[in-house]
Amino acid sequence: MASLAGCGRDDGGDAGSGSPDSETDGTTTGAEGGQNSESRADGEPDLDYTISADVPAEVEVDEEFTFGAMMRNEGEDMEATFGLDVALADREVPETLFNEEITLRSGGSESFESGAFASDEAGTILWEFYLVPEDRPRVMDAKETVVQTPTRSWGEPYQTSTGLAITASNPRFESRYEYTGPDGERNVHRAGEGEKFVFIDFRVENNSGTTRTTPKRVGVGLVATGVQFEPMSRTEYERDDMYDGSNEIVDGFFEEGVLPFVVPSEAEIDGLRLFHSGSDVRQYAAWNVIWRA
């Protein structure tokens, strides 16, 4: 599945890499589950074998997580197929991550725990862990994991995988600002009727241990009153404190400046959301983050 980094089976049999481990003490590590599939007839007695899945309810994009399952058998020894299908909520065809034959002893259990995984896009992951004994009904446990775009409060840094600490802070409204013109004279730029300026401080610090390029200014957008606004351009904003981006900075240094926007006069600070989408093609890295109150 393209959105899950690290998905795959390790046939070496190590517990941390995705193979089931036999257990006889009946200790469960999974969440409650073991729901029966449609193949069971209504009124049929409860089955003596179950499967329970354990997945996180919520994670952020690129956040590492693990998942697992526990299978129990209170009946006779049996051979069964254990597998996992995964899909994104907006995709129609699930992908089978693995499907293998196992032996469930009477009164025993089998556990499964994955290695570290991560999703590189926001959305909802649909999991279906299933157990199919020979000549007996299939049981499964279905779960969901919501993968969210990382969100930070104003002034809280976001750390990229490339070693950049990016911070958006101090959003503020102004009806006018002063600037020095080419002739050295002081000038005033006033917002238009029904509008006002939003100024946000934007800082990128390089902690990577090597030289990095700062994110582009065009990779930000501000949502106010339910509408997204692009930052003012160099020809629209006359002061010289604007954040530029696309500059190379050595380790331990930073670039900072102001992101200026024009928004409706009814906009409020608590309703502002700054979206940033950045990438480093040389490092094959990309990220998205939101700052808000």
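Residues numbered from 1 in each chain as written. Predicted model: local features only at pLDDT ≥ 70, side-chain atom pairs only at ≥ 80, totals over all residues. Heavy atoms only, no water.

With that settled, consider the overall build of the protein chain. Scanning the protein chain from N- to C-terminus turns up zero helices and 24 strands. Within the protein chain, the fraction of its 293 residues that count as buried is 42%. The contacts of the protein chain with a sequence gap of at least 6 include a subset with a gap of at least 24, amounting to 69%. Here the protein chain displays about 15,200 Å² of accessible surface, and carbon together with sulfur accounts for 43% of that area. (Helix = DSSP H or I, 4+ residues; strand = E, 2+ residues; numbered from the N terminus. Buried < 20%, exposed > 50% of the residue type's maximum accessible area, 1.4 Å probe, protein only. Contact = heavy atoms within 4.5 Å. Areas by Shrake-Rupley, 256 points an atom, 1.4 Å probe, with all protein chains shown as cover.)

Okay, unusual backbone geometry next. In this model, Asp62 sits at a positive phi of 70°, which is unusual for a non-glycine residue. Residue Asp62 is classed as partly exposed on the basis of its relative accessible area of 40%. In this model, Tyr284 sits at a positive phi of 55°, which is unusual for a non-glycine residue. Structurally, Tyr284 is set in the loop between strand E23 (273–280) and strand E24 (285–292). Among the residues examined, Tyr284 registers a relative accessible area of 78% and is labelled exposed.

For the coordinates displayed, the defined rule picks out 14 salt bridges. Arg152 is the salt-bridge partner of Glu60, the closest N and O atoms lying 3.3 Å from each other. Remark: Arg152 occurs in strand E12 (residues 151–153) and Glu60 occurs in strand E4 (residues 58–60); sequence separation between them is 92 residues. Residue Asp244 pairs with Arg217 through a salt bridge whose shortest N-O separation is 3.3 Å. Of this pair, Asp244 sits in the loop between strand E20 (227–229) and strand E21 (248–249) while Arg217 sits in the loop between strand E18 (212–213) and strand E19 (220–224); the two residues are 27 residues apart in sequence, bridging distant segments of the chain. Salt bridges sharing partners connect three or more residues here, namely Arg176, Glu178 and Arg186. (Salt bridge = Lys/Arg side-chain N within 4 Å of Asp/Glu carboxyl O.)

Considering all chains together, one arrives at 17 aromatic pairs under this definition. One aromatic cluster is present, built from ring pairs that chain together Phe65, Phe67, Phe82, Phe98, Phe112, Phe117, Trp127 and Phe129. Positioned above the aromatic ring of Phe173, the side-chain terminus of Lys196 is 3.7 Å from the ring centre. (Phe/Tyr/Trp six-rings, centres within 6.5 Å; stacked < 30°, edge-to-face > 60°. Lys NZ or Arg CZ within 6 Å of the ring centre and 35° of its normal.)

This brings us to the sheet that holds strand E14 (residues 164–174). The four strands lie next to each other as E13-E14-E17-E22, forming an open sheet whose pairing is antiparallel. The sheet is open, and its two borders are formed by strand E13 (158–159) and strand E22 (254–264), each paired with just one other strand. Both E13 and E14 contribute to a ladder of two bridges, which runs antiparallel. Within E14, the position partnered with Tyr158 by the bridge is Ile166. (Pairing = 2+ DSSP bridges.)

Sheet analysis places strand E15 (residues 176–180) next to strand E16 (residues 186–190), joined by five bridges and oriented antiparallel. Looking at the pairing, Glu178 lines up with Val188 of E16. Here E15 folds back onto E16 in antiparallel fashion, the turn holding five residues, of which Gly184 has a positive phi close to 85°.

Moving on: the sheet that holds strand E6 (residues 78–88). As a general point, the strands of a sheet are linked pairwise by backbone hydrogen bonds and lie either parallel or antiparallel. Taken in spatial order, the five strands line up as E4-E11-E10-E6-E7 in an open sheet, and their pairing is mixed. Looking at strand neighbours, the two that pair on one side only are E4 and strand E7 (95–104), the edges of this open sheet. Across this sheet, the average inter-strand angle for adjacent strands is 20°, counted without regard to direction. Alignment of E6 against strand E10 (residues 123–133), held across nine bridges, turns out to be antiparallel. In the sheet register, Asp85 faces E10, and the bridge partner there is Glu128. (Axes fitted to C-alpha atoms, helices over the stretch in contact; angles between N-to-C directions.)

Next up on the list: the environment of Val147. Positionally, Val147 belongs in strand E11 (residues 139–148). Here Val147 falls in the buried class, since its relative accessible area comes to 3%. Residues Val147 and Val61, spaced 86 residues apart in sequence, show a C-alpha to C-alpha distance of 5.9 Å. Once residues lying within four places of it in the same chain are set aside, the contact partners of Val147 are Val59, Glu60, Val61, Ser119, Glu121, Ala122, Gly123 and Ile125.

Formed by 29 residues in total, the largest nonpolar core has its most connected members in Phe67, Phe82, Leu84, Trp127, Phe129 and Leu131. Taken together, the elements giving at least two residues each to this core come down to strand E3 (49–54), strand E5 (68–73), E6, E7, E10 and E11. It is E6 that provides the largest number of residues to this core, a total of six residues. Membership of the second largest hydrophobic core comes to 23 residues, among which are Val220, Leu222, Ala224 and Val289. (Core = buried A, V, L, I, M, F, W, Y, C linked by side-chain atoms within 4.5 Å.)

All right, on to the confidence of the model for the protein chain then. Within the protein chain, residue pLDDT values average 87, and 84% of them lie at 70 or more. Residue range residues 5–43 is modelled with pLDDT below 50. Its contacts to residues more than four positions away, or to other chains, number 89 contacts. (pLDDT = per-residue confidence, 0-100.)

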